[in-house]
Amino acid sequence: MVATGLLELTKSDFDWFRRFIEEETGIHILETKYIFLYNRILRRIKELGLNSFSEYQVFLDSRKGRREEKDKLFDEIVISESTFFRYQPQLDIFRSQIFPLLIRRRTEEGHPVKIVCFGCAQGQEPYTLAILAHEDLPLDQRELVWINAVDLSGALIEKAKEGFYANIIMQNVPSLYLDRYFLKEPGGYRLLPRVTRMVRFFQFNMARDNWHQFKYADLIFCRNTIIYFGARMKDRVCRNLTGIIRDKGFLILGHTEIINAAKYGLVHHGANVYRKETV
């Protein structure tokens, strides 16, 4: 399976890494992803100066390895795919229906609107929502929108906090928003502080960490995340997602992610937008 002169990743070791990753993160690596996993683990082996995949396996299984190395491995296997203003039909529903409703409902109750973005990658999605909040709300209401952004990868979180994006990432951002919310710098654009300060970032493991810290969310974006889980983990995540949503709150999934809405107490409103019904 591997060219002569390269380290060999045996089938048994390949399966061990797949099990380890799924047990620790919930991410299910398909059997067809041999080359994908091989290349990413090999980078960690070279960085550590180890001699084989089995040696790296032993290191990961040690106390030191689990404490210091596993997050670096997860940074390698997490796929960072996000863009600003992704999938316009959902953003249209957000702006025309969900956001005005939540703002009216929560401000009447004297509480902020709490939004959580899971799988936030380099921050394009939560920052998009922050930009739209600036567009749609008067100055005195913007502080009533709390956006929490969540990802498994600590490296992506740190990148997101910088708020700097290379020119190629910004190609589809309307020039109006570039002018209003970004500062042009060599090689790219940097978000203005009035946008970045609206978002708080958290490194979070959906398989291991405590979901209660995000309880009473009014709106959750979890787009193109549950597709990476096996059936049992997908069910567990969907239950946790609906468990932290406030009654009559909303869940927005990726446009290709299909769930049984009724199973989780949700009503489908089209474009993979769901509302939680009062139990």
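Here, every reference points to the structure presented above.
Keep in mind that what you see is a predicted model, and the values were worked out from it rather than measured.

1. Observations concerning helix 12 (residues 231–244)
Here's step 1: The end-to-end C-alpha distance of helix 12 is 20 Å, a good match for the 20 Å that 14 residues give at a rise of 1.5 Å each.
Here's step 2: Within helix 12 the residues assigned to the buried category are Met233, Asp235, Val237, Cys238, Leu241, Thr242 and Ile244.
Here's step 3: Its buried side turned inward, helix 12 meets helix 1 (11–25), strand 1 (113–118), strand 7 (217–222), strand 8 (245–253), strand 9 (266–268) and strand 10 (273–276).

2. Some points on the nonpolar core
Here's step 1: The biggest cluster of nonpolar side chains holds 51 residues, and the ones touching the most others in it are Phe17, Leu73, Phe118, Met206, Ile220, Cys222 and Leu251.
Here's step 2: Put simply, the parts of the chain that give this core at least two residues each are helix 1, helix 2 (34–48), helix 3 (53–61), helix 5 (70–77), strand 1, strand 7, helix 12 and strand 8.
Here's step 3: In terms of residues, this core owes the most to one element, helix 2, which gives seven residues.
Here's step 4: Counting residues in each nonpolar core, the second largest holds 43 residues, with Ala133, Ala160, Leu191 and Met198 among its members.

3. Points about unusual backbone geometry
Here's step 1: Here tyrosine 216, not a glycine, exhibits a phi torsion of approximately 70°, which is positive.
Here's step 2: Examined against the element boundaries, tyrosine 216 turns out to sit in the loop between strand 6 (199–203) and strand 7.
Here's step 3: Residue tyrosine 216 is classed as partly exposed on the basis of its relative accessible area of 46%.
Here's step 4: Its identity is not glycine, yet asparagine 224 carries a phi of approximately 55°, on the positive side.
Here's step 5: The residue asparagine 224 is located in the loop between strand 7 and helix 12 in this model.

4. Observations regarding the sheet that holds strand 1
Here's step 1: One open sheet accounts for seven strands, arranged 6-2-1-7-8-10-9; its pairing is mixed. On the outer flanks of this sheet lie strand 6 and strand 9, each paired with one strand and no other. Taken over all neighbouring pairs, the strand axes of this sheet differ in orientation by 20° on average, direction set aside.
Here's step 2: As defined by bridge partners, strand 9 adjoins strand 10 across three bridges and the pair is classed as antiparallel.

5. Examining the side chain of threonine 242
Here's step 1: Looking at the secondary structure, you find threonine 242 in helix 12.
Here's step 2: Not counting the four nearest positions on each side in its chain, threonine 242 is found in contact with Tyr264, Leu266 and Lys276.

6. Some details on the pairing of strand 4 (residues 182–185)
Here's step 1: Summarising the sheet, strand 4 and strand 5 (residues 188–191) pair through four bridges and their orientation is antiparallel. Looking at the pairing, phenylalanine 182 lines up with leucine 191 of strand 5.
Here's step 2: Connecting the antiparallel pair strand 4 and strand 5 is a turn made up of two residues, with glycine 187 showing a positive phi of about 90°.

7. Let's talk about the pairing of strand 7
Here's step 1: Across the six residues that make up strand 7, a large majority, six, are buried.
Here's step 2: Bridge analysis of strand 1 against strand 7 gives three bridges, and the strand direction is parallel. The partner of cysteine 117 across the bridge, within strand 7, is phenylalanine 221.
Here's step 3: In the sheet, strand 7 pairs with strand 8 via five bridges, with the strands oriented parallel. In the strand pairing of strand 8, cysteine 222 is matched with leucine 253.
Here's step 4: As a crossover connection, the stretch from strand 7 through helix 12 into strand 8 is right-handed.

Analysis parameters
Along each chain, numbering runs from 1 in the same order as the chain's sequence is written. Confidence filtering applies because this is a predicted model: local features only for residues at pLDDT of at least 70, side-chain atom pairs given and counted only at 80 or more, and all residues used for totals across whole chains, interfaces and linings. Side-chain figures throughout are based on the complete set of non-hydrogen atoms in the structure, without hydrogens or water. Think of it this way: any DSSP run of H or I at least four residues long counts as a helix, any run of E at least two long counts as a strand, and we number them from the N terminus. In this analysis, the expected span of each helix is defined as 1.5 Å times one less than the number of residues it contains. Whether a residue is buried, partly exposed or exposed follows from its accessible area with a 1.4 Å probe, protein chains only, as a fraction of its type maximum: under 20%, in between, or over 50%, in that order. In what follows, a contact means two residues having at least one pair of non-hydrogen atoms within 4.5 Å. Nonpolar cores were defined as sets of buried Ala, Val, Leu, Ile, Met, Phe, Trp, Tyr and Cys residues, with membership established by side-chain atoms within 4.5 Å. Paired strands, as defined in this entry, are two strands with at least two bridges between them according to DSSP. Lines are fitted to the C-alpha atoms to define the axes, a helix being fitted only along its stretch in contact, and any angle between axes, read from their N-to-C directions, falls within 0 to 180 degrees. Handedness is read with the strands pointing away from the viewer; a crossover is right-handed when the path from the first strand over the helix to the second is clockwise.

Without other data, these values stay purely geometric and don't point to any function.
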